[in-house]
Amino acid sequence: MKAVLFDMYETLITHYDSPLYFGQQMAADAGIPESRFLSLWQASEQDRTIGKISLEEILEKIMRKNRCYSEKLLTRITEKRLEAKRECFCHLHPGILPMLTALKEQKLLTGLISNCYSEEVTAIRESVLLPYFDAVYLSCEQGVGKPDARIYERCMEHLSVKPEECLYVGDGGSGELEAARELGITALQAVWYLRRGSGQPAAPKPDFPQLGTPMDIIEFLKEVKRT
């Protein structure tokens, strides 16, 4: 193996060890009935994921439609949302940084392939994790997200590696593991953040090797070398 490609959310970091600030919480702060807020918020998810609309733009649209727009309110909710995204990086699994350091010590290339929104791009690019990656491919910047093969292919092209030379590690949301496997990448499911009943978008997938801790990636690579 020459490269390890990672998902970000619920793989390297998790939303669920921090106070949540999702659509329900934003609706409450805006004073908009949750069902009204979520009908527009959820409908915008794909456009937010591929960078067609920013957090500020969709919030302004929702507020104006509900006749509660003010610049002050928009700024307050935007700042709270970004702070919640930054907070995720303060609660890393204790094995994340040692695992990334070990990959660097072994001279393996690392890539990040993440579906994310505009506010998450900001948090990711400010984070302690960013320097560990040789390639960073974020859906909001790329205009395409997982499970579209193009975002994987762009990352691999940047790293000058073939699919059979890569591992992909993710929690399994957005069909990411299946898409990686279809490309010929060895796909592993990260389950160290997964909790039943938490509302997380993914669940254990028995069709993929499961990693209980981040350092299990290092053990998997050792086993690959032995065989």
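The rules behind these values
One numbering rule holds for all chains: residues counted from 1, following each sequence as written. Totals for whole chains, interfaces and linings use every residue, but because this is a predicted model, local features are given only for residues with pLDDT of at least 70 and side-chain atom pairs only at 80 or more, for both listing and counting. Where side-chain values are given, they derive from all heavy atoms of the structure, hydrogens and water being excluded. Definition used for salt bridges: Asp or Glu carboxyl oxygen within 4 Å of a side-chain nitrogen of Lys or Arg. The helix and strand labels rest on DSSP assignments: H or I over at least four residues marks a helix, E over at least two residues marks a strand, and numbering proceeds from the N terminus. Think of it in three bands: residues with accessible area under 20% of the maximum for their type are buried, residues over 50% are exposed, and the middle band is partly exposed, with areas taken using a 1.4 Å probe on protein chains only. Lines fitted to C-alpha atoms define the axes here, with helix axes fitted over just the stretch in contact, and angles between the N-to-C directions of these axes take values from 0 to 180 degrees. Note on angle classes: values under 35 degrees are labelled roughly parallel, values over 145 roughly antiparallel, values of 65 to 115 roughly perpendicular, and the remainder oblique. Each crossing gets its hand from how the near helix is turned against the far one by less than a right angle, where anticlockwise is left-handed and clockwise is right-handed. Throughout, a contact is declared for two residues whenever any of their heavy atoms are within 4.5 Å. Under the convention adopted here, Pro, Cys and the residues Ala, Val, Leu, Ile, Met, Phe, Trp and Tyr are nonpolar, Asp, Glu, Lys and Arg are charged, and Gly plus all remaining residues are polar.

**Considerations on the pattern of salt bridges**
Here's step 1: Overall, the coordinates contain 15 salt bridges when judged by the stated rule.
Here's step 2: E165 is paired through a salt bridge with K2; the nearest N and O atoms lie 3.2 Å apart. Of the two residues, E165 is situated in the loop between α9 (149-159) and β4 (166-170) and K2 in the segment before β1 (3-6); the sequence distance between them amounts to 163 residues.
Here's step 3: Exposure remark for E165: the relative accessible area of 19% places this residue in the buried category.
Here's step 4: A relative accessible area of 45% means that K2 is categorised as partly exposed.
Here's step 5: Across the salt bridge formed by R86 and E126, the nearest N and O atoms sit 2.7 Å from each other.

**What about the packing of helix α1 (residues 23-30) against helix α5 (residues 71-87)?**
Here's step 1: Close contact between α1 and α5 brings their axes to 10 Å; oriented N to C, the two are set at 155 degrees. The pairing of α1 with α5 is recorded here as roughly antiparallel in orientation. Classified by chirality, the crossing of α5 by α1 is right-handed. From α1, M26, D29 and A30 reach across to α5, where they touch L73, R76, I77, K80 and R81.
Here's step 2: Of the residues assigned to the contact of α1 with α5, the class counts are four nonpolar, no polar and four charged.

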